[in-house]
Amino acid sequence: MVVANRAARAIAGIDADTLRAMYRHMLRSRMLDERIWLLNRQGLVRFWVSGMGQEAIQVALGMHVRPGHDWVAPYYRDLALTLVLGMTPRDQLLAAMAKADDPNTGGRQMPAHFGCRRLNIITTGSVVATQFIHAAGIALASKIRGEDAVTVVTTGEGATSEGDFHEALNFAATHSLAVVFVVEDNGLAISVPTSKQMPTPNVSDRATGYGIPGVVVDGTDPVASYLVCGEAVARARAGKGPTLIDAKVPRLTSHSSDDDQRRYRTAEALETDRTHDCLGRFAARLGEQGMLSARDEEAMRAKLLAEMDVATAQAEAASDPDPESVLLHVLGDA
Amino acid sequence: MAVKTYLEAIREGMRDEMRRDDRVMIFGEDVGFKGGVFGVTEGLQREFGEWRVMDSPLAESCIVGVCIGAAFNGMRPIAEIQFQDFILPGVDQIVSEAAKIRYRSNDDWNMPLVIRAPFGGGVHGALYHSQSIEAMFCGVPGLRVVVPSNPYDAKGMLVAAIRDPDPVLYFEHKKAYRSIRGEVPDHEYTVPLDRVRVVREGRDIVIFTYGLMVDTAVQAAERLAPDGFSVSVVDLRSLRPLDRQGIVESARRCGKVLIAQEANLAVSVSSEVSAIVAEECFEYLDAPVMRIGGPEVPAMPFAKPLEDAYLVDVDKLESKLRRLAEY
Ligand SMILES: Cc1ncc(C[n+]2csc(CCOP(=O)(O)OP(=O)(O)O)c2C)c(N)n1
Ligand SMILES: [Mg+2]
């Protein structure tokens with residue numbers, strides 16, 4: 001790591017504190033993700049679907065969201081996004097272990113089915129693409145009431161082939177709703193590559209058809225992602241309508257803990273993905289700018305590791321859902 | 001009390017609730033300036049503006065999904081699906097999303113949403129403007145499915161549906177819109193969403209039915225009266241959940257049960273009512289449960305003789321009733 005003589009104060013107008021905070025969010029998510037994989041291998045977590053490799057765009061997006069004021073319709077890889085918004089490793093470990101106090105679903109859904117009313121993170125199910133239209137509807141309600149809340153919705157690129165994606169963009173664009181559509185484009189839908197998913201390489205090409213801006217961004221670059229997301233959120237907040245962001249990211253793990261990507265991907269492809277890992281590159285960049293020394297980084301890691309250990313112990317000790325509760329919450333007051 | 005049509009009662013229910021609660025909005029195809037293809041929302045956009053009575057794009061998943069989103073964000077949306085036949089592109093949003101939102105979030109979220117749609121035939125609507133596909137939703141926990149049969153219930157049940165904290169599918173028989181009239185109070189009232197209504201008291205046979213068929217059943221019941229058969233007619237009103245207790249009470253009292261519906265019989269509302277009667281009324285029955293409904297063909301054809309052949313009318317219901325009476 002090259003260390004500059006004098007610390008730079010900003011990169012592209014983003015101050016050092018913000019950049020360090022972003023790095024910390026990314027690292028925290030990565031360490032939590034790694035912990036959950038470990039627990040999966042130990043048999044304590046029955047299923048996991050990881051966000052590793054996609055942290056930079058998620059953190060960049062989350063930095064522009066006002067939690068509890070703005071709205072978020074996430075998808076299953078958005079672990080880092082939920083942490084930026086205010087959920088905790090303990091929350092997500094409770095979910096991973098399907099404990100009663102899991103604030104996302106109370107252990108009812110698979111892990112990574114995020115939701116938290118307090119933070120305006122809507123509940124999400126497993127059917128991909130349904131959340132796009134919810135985002136448009138949320139933004140419609142904000143518009144009807146004359147509020148400046150922005151709704152952000154995320155997805156993989158594969159899910160953009162679903163009809164709901166079109167229906168949502170069509171509606172949000174028609175009425176200039178304050179929605180930011182973010183595609184975390186890892187080039188794969190389980191095993192199916194983009195070339196078999198869509199006729200052009202960029203989902204954002206479709207923005208033209210809706211008369212809205214479409215932007216491709218390197219989703220592993222937190223700086224570029226921060227700028228692009230900031231512009232889209234500001235545009236939405238100003239009442240100028242939606243933006244479609246196509247953030248290119250690698251998928252550093254198999255699709256899920258039940259999948260083995262070595263069966264359908266070449267060793268070279270896996271290696272290329274590893275070289276596109278956002279985390280190490282961002283640490284190096286902050287180091288070069290004198291914003292984060294190796295020692296700072298180690299200290300950060302040590303603190304986060306302690307946080308993960310405490311959260312893991314708490315989640316492990318937490319109660320399972322009561323079997324009788326299977327009948328609860330079908331309808332209200334019933 | 002003023003006499004109004006079924007359609008006017010539905011409109012009045014929405015209008016009154018929109019005046020009382022500015023979270024209530026209507027979203028659907030042609031509901032705005034035109035006031036809907038049947039005129040149910042006529043005049044409402046003029047009163048409440050373009051955002052609260054809003055023309056949607058021609059996309060049913062969008063209609064339901066946008067209403068779900070708006071409900072997440074504090075609104076009380078009423079989605080109008082132009083014909084029940086065209087609800088299918090929106091079913092994923094209804095069954096995978098709306099129905100499961102409370103359960104899957106462990107009660108963190110709920111989904112106060114009404115989806116209105118006209119169903120039923122006898123209006124030369126052919127295969128795709130005549131269907132009665134409500135049973136598709138009756139097996140889905142997390143949904144309420146209701147069908148009013150008269151103007152009083154239409155208004156009271158709609159107001160109750162709008163205030164209900166969970167998704168309610170509110171199906172309107174399109175032939176009833178202008179043909180069924182009745183007294184409707186001007187004042188505010190609700191009708192419970194999960195109670196049967198005994199429309200006609202009788203001792204010998206009970207007909208369980210819903211929608212426009214309630215009217216048909218009352219006419220058929222009256223035809224048997226001169227012959228000394230006393231027939232009860234019970235309007236189910238709620239198809240999910242079914243009012244188990246209300247069904248059991250009438251079935252036990254009468255001992256003979258006929259279930260009538262416009263939809264085909266396989267895996268239908270009539271199947272579920274029969275199962276309840278079989279489970280809970282065995283010792284009280286004087287005859288096997290009988291059912292009458294549409295034939296097992298994909299949907300109602302257009303030509304008049306074919307449409308007539310499909311539909312259960314008073315004559316067909318009467319002859320079925322006589323078979324049961326004579327059993
Ligand atoms: C409607 C629907 N069809 C299929 C699936 C099964 N499935 C889950 S994730 C997935 C691939 C999604 O790919 P993409 O949208 O690119 O997201 P990624 O997992 O790559 O982040 C599939 C096919 C599903 N969950 N929902
Ligand atoms: Mg993908």
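For the structure itself, consult the block above.
No experiment lies behind these values; they were computed from the predicted model shown. (Residues numbered from 1 in each chain as written. Chains lettered and ligands numbered in written order. Predicted model: local features only at pLDDT ≥ 70, side-chain atom pairs only at ≥ 80, totals over all residues. Heavy atoms only, no water.)

Asker: Can you break down the overall build of chain B residue by residue, with the values?
Answerer: For chain B, the count of helices and strands is 13 helices and 14 strands. Taken against the 2.2 N^0.38 rule, which gives 20 Å for 327 residues, the C-alpha radius of gyration of chain B at 19 Å falls within 12% of a compact globule. Principal-axis analysis of the C-alpha atoms places the extent of chain B at approximately 60 × 45 × 40 Å. Of all 327 residues assigned to chain B, the portion counted as buried reaches 64%. Counting only contacts in chain B whose residues sit at least 6 apart along the sequence, the fraction spanning at least 24 positions is 83%. A distance of 2 Å separates the average location of the 38 positive side-chain charges in chain B from that of its 49 negative side-chain charges. (Helix = DSSP H or I, 4+ residues; strand = E, 2+ residues; numbered from the N terminus. Rg over C-alpha atoms; globule rule 2.2 N^0.38 Å. Buried < 20%, exposed > 50% of the residue type's maximum accessible area, 1.4 Å probe, protein only. Contact = heavy atoms within 4.5 Å. Lys, Arg positive; Asp, Glu negative; His and termini not counted. Charge placed at Lys NZ, Arg CZ, Asp CG, Glu CD.)

Asker: Give me the coordination of the magnesium ion (ligand 2): which residues, what numbers.
Answerer: All names here are of chain A. For the magnesium ion (ligand 2), the full set of protein donor atoms is E157 (OE), E157 (OE), N186 (OD1) and L188 (O), at a range of 2.1 to 2.8 Å. What the six donor atoms of the magnesium ion (ligand 2) show is an angle range of 51 to 179° at the metal, which sorts the shape as irregular. All donor residues of the magnesium ion (ligand 2) come from one chain, and their arrangement in sequence is E-x28-N-x1-L. The exposure class assigned to N186 is buried, which follows from its relative accessible area of 10%. (Donors = N, O, S within 2.8 Å, 3.2 Å for Na, K, Ca; no water. Tetrahedral: all angles 85-135°; square planar, octahedral: opposite > 155°, others 65-115°.)

Asker: Could you give an account of the nonpolar core, with specific residues and numbers?
Answerer: Buried together is how nonpolar side chains tend to be arranged in soluble globular proteins. Within the largest apolar cluster, 88 residues are counted, with the highest numbers of intra-cluster contacts made by F208 and L236 of chain B. When residues in this core are grouped by element, the largest group, nine residues, is from helix α3 (residues 60-72) of chain B. Of the domains in this structure, domain 1 (2-184) and domain 2 (197-326) of chain B are the two that each give at least three residues to this core. Ranked by size, the runner-up nonpolar core spans 46 residues in total, among them A16, V45, V59 and A318 of chain A. (Core = buried A, V, L, I, M, F, W, Y, C linked by side-chain atoms within 4.5 Å. Domains from an automatic or database assignment.)

Asker: Let's hear about the packing of helix α1 (residues 6-20) of chain B against helix α7 (residues 151-163) of chain B: which residues, and what values?
Answerer: All names here are of chain B. The contact between α1 and α7 brings their axes to 8 Å, and the two run at 30°. As α1 packs across α7, the resulting crossing turns out to be right-handed. Between α1 and α7, the residues in contact are Y6, A9, I10, E12, G13, M14, D16, E17 and R20 and P151, A154, K155, L158, V159, I162 and R163, respectively. Each residue belonging to the contact of α1 with α7 can be placed in one class, and the counts come to nine nonpolar, one polar and six charged. (Axes fitted to C-alpha atoms, helices over the stretch in contact; angles between N-to-C directions. Left-handed = near helix turned anticlockwise from the far one by under 90°. Nonpolar A, V, L, I, M, F, W, Y, C, P; charged D, E, K, R; others polar.)

Asker: Please give an account of the packing of helix α10 (residues 244-254) of chain B against helix α11 (residues 269-280) of chain B that cites residues and values.
Answerer: Residues and elements named next belong to chain B. Where α10 meets α11, the axes come as close as 10 Å, and the angle between the chain directions of the two elements is 65°. For the pair α10 and α11, the sense of crossing is right-handed. Residues R244, I247, V248, A251 and R252 of α10 form the contact with α11, whose own contacting residues are V273, I276, V277, E279 and E280.

Asker: Describe the pattern of salt bridges, and please don't skip the residues or the numbers.
Answerer: This model, assessed by the stated rule, comprises 46 salt bridges over all chains. R281 of chain A is the partner of D218 of chain A in a salt bridge, and the nearest nitrogen-oxygen pair spans 3.9 Å. Taken together, the positions of D218 of chain A in strand β8 (residues 214-218) and R281 of chain A in helix α10 (residues 278-288) put the pair 63 residues apart, joining distant regions of the chain. Its relative accessible area of 37% is what places R281 of chain A among the partly exposed residues. With its nearest N and O atoms 2.9 Å apart, the salt bridge here joins D166 of chain B to R102 of chain B. On the criterion of sequence distance, the pair formed by D166 of chain B in the loop between α7 and β7 (168-173) and R102 of chain B in helix α5 (residues 101-104) is long-range, its members being 64 residues apart. The same class applies to D166 of chain B and to R102 of chain B, which are both buried. Where salt bridges share partners, they join K4, E12, R15, D16, K155 and D186 of chain B into one cluster. (Salt bridge = Lys/Arg side-chain N within 4 Å of Asp/Glu carboxyl O.)

Asker: Please set out the sheet that holds strand β5 (residues 179-185) of chain A residue by residue, giving values where relevant.
Answerer: All names here are of chain A. Strand order in the open sheet formed by five strands is β3-β4-β5-β9-β8, with parallel pairing between adjacent strands. Of all the strands in the sheet, just β3 (71-73) and β8 have a single pairing partner and so form its edges. Averaged over all adjacent pairs, the angle separating strand axes in this sheet is 20°, with direction ignored. (Pairing = 2+ DSSP bridges.)

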